[in-house]
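As a plain string of letters, each chain reads:
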Amino acid sequence: MASTVIGAGITIEGEVTSDEDVVVQGTLRGKLIAKDAVSVEQGGSVEADITGGPVSVAGTVTGNITSSDRVDLQNGAKVIGNVKAARITIADGAQFKGNVDMDV
Amino acid sequence: MKDSTVIGRTSVVTGRITGTGDLEIAGRVEGDVAVSGEVVIDSTGMVGANVSATRIVVRGAVRGDLTAEEALVVESGARIVGDLKAPRIAIAQGGLVRGYVRTGGMAAAPRPRAAAAAARTTVPEAKARPAAPPPQPQRAVKAAPPAPPAPVQKAPPPAQKAETNHKPAPRGAAAAGARVGPPPPVVPVLKKGTKAVQKKR
């Protein structure tokens with residue numbers, strides 16, 4: 001169902017492009033471009049710029065996040081980078097350092 | 001399930017995939033895959049790089065070398081251009097493979113390409129060094145043999161002399177036996193000489 005999953009224990013160094021959902025439980029370094037939802041789960045680590053639809057983060061992201069829809073920084077998330085999205089939520093317990101750019 | 005990684009049908013990964021866990025590739029991967037676990041390349045999967053894993057199952061397309069620590073299974077519909085190496089390799093009917101296939105122990109020998117490359121690099125040096133000195137000795141050896149034949153040709157005349165003596169029967173018999181051999185070679189020599197003389201005249 002989930003189209004692309006980067007499992008825990010797996011490291012991808014490079015560019016990932018997908019027209020479907022992307023779930024990151026492992027490590028991704030490089031670039032992540034998805035047309036649909038991107039989910040960085042707890043334990044997941046992304047050292048890359050993320051471009052996608054709805055982005056939800058419960059893991060670690062170092063890089064800019066650009067979303068055509070919304071960005072949710074959940075409890076336990078650690079994000080260092082700028083976030084550009086139409087809507088954004090930062091949950092209690094989420095760590096975030098960076099700029100927020102919302103379409104106003 | 002949680003440990004398994006899936007590269008979806010529409011996903012493209014350009015880069016290196018490493019780590020532990022199972023990996024299912026239904027999309028495209030352009031970059032080396034080195035995983036300790038099972039790698040399954042689905043019928044829609046395309047891999048344009050080397051793959052090494054504990055176990056590899058191929059139903060899709062691969063352009064690159066496949067190395068498995070345990071087993072390598074090429075199923076129907078697989079299209080592989082590259083070398084296969086694993087202790088056990090299964091190629092099912094309908095599986096296409098173009099490349100060097102080797103089953104057996106992993107540490108038995110270096111990769112054929114590497115060995116060939118090594119041979120290419122070492123052979124020229126080996127040829128270059130001995131090549132210069134040896135030829136001279138070989139020529140010397142070749143030059144030496146022509147000398148012995150000459151004495152052999154000269155040998156018959158003494159035999160004829162021995163035969164003319166007629167006194168020692170055994171010598172004469174031995175000489176006669178020896179003499180049977182020599183004449184034939186002499187004839188062609190004469191022919192050659194006569195021909196040459198005729199041409200000159």
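Quick note: structure is the one above.
So, a few notes on the structure that sits alongside this text. As the structure is a computational prediction, the values presented were derived from the model and not from experiment.

To continue, consider the pairing of strand S10 (residues 66–74) of chain B. All names here are of chain B. S10 sits mainly inside the fold: 7 of its 9 residues count as buried. Here 2 bridges tie S10 to strand S12 (residues 84–86), and the two strands are oriented parallel to one another. Each residue of the ladder has a partner; that of Thr67, found in S12, is Lys85. Sheet topology note: the S10/strand S13 (residues 88–91) ladder contains 4 bridges and is parallel. If you follow Val73 over to S13, its bridge partner there is Ala90.

What follows deals with the interface of chain B and chain A. Taken together, the contact pairs 21 residues of chain B with 19 residues of chain A. Between chain B and chain A lies a buried interface of about 1,500 Å² when both sides are counted; carbon and sulfur atoms form 43% of it. Our count for the chain B to chain A interface comes out at 0 salt bridges. At the junction of chain B with chain A, the criterion picks out 13 residue pairs in polar contact (both at pLDDT 80 or more). Secondary structure elements with two or more residues in the side of chain B that touches chain A: strand S1 (5–7) and strand S2 (12–20) of chain B. Looking at the side of chain B that touches chain A, the element that brings in the most residues is S2 of chain B, giving 9 residues.

Looking now at the pattern of salt bridges. Residues and elements named next belong to chain A. Under the criterion given, the structure shown has 11 salt bridges over all chains. Taking the shortest distance from any N to any O, the salt bridge between Glu13 and Arg29 comes out at 3.1 Å. Separated by 16 residues along the polypeptide, Glu13 in strand S2 (residues 10–18) and Arg29 in strand S4 (residues 27–34) bring together distant segments of the chain. Residue classification places Arg29 among the partly exposed positions, given a relative accessible area of 33%. In this structure, Glu47 engages Arg29 in a salt bridge whose closest nitrogen and oxygen atoms are separated by 3.5 Å. Residue Glu47 is located in strand S6 (residues 45–52), and its partner Arg29 is located in strand S4; the two are separated by 18 residues in the primary sequence. Each of Glu13, Arg29 and Glu47 takes part in a single network of salt bridges with overlapping partners.

Calculation notes
- Residues numbered from 1 in each chain as written.
- Chains lettered and ligands numbered in written order.
- Predicted model: local features only at pLDDT ≥ 70, side-chain atom pairs only at ≥ 80, totals over all residues.
- Heavy atoms only, no water.
- Buried < 20%, exposed > 50% of the residue type's maximum accessible area, 1.4 Å probe, protein only.
- Helix = DSSP H or I, 4+ residues; strand = E, 2+ residues; numbered from the N terminus.
- Pairing = 2+ DSSP bridges.
- Contact = heavy atoms within 4.5 Å.
- Buried area = accessible area lost by both parts, 1.4 Å probe.
- Salt bridge = Lys/Arg side-chain N within 4 Å of Asp/Glu carboxyl O.
- Polar contact = N/O pair within 3.5 Å; in protein donor to acceptor, adjacent residues only side chain to side chain.

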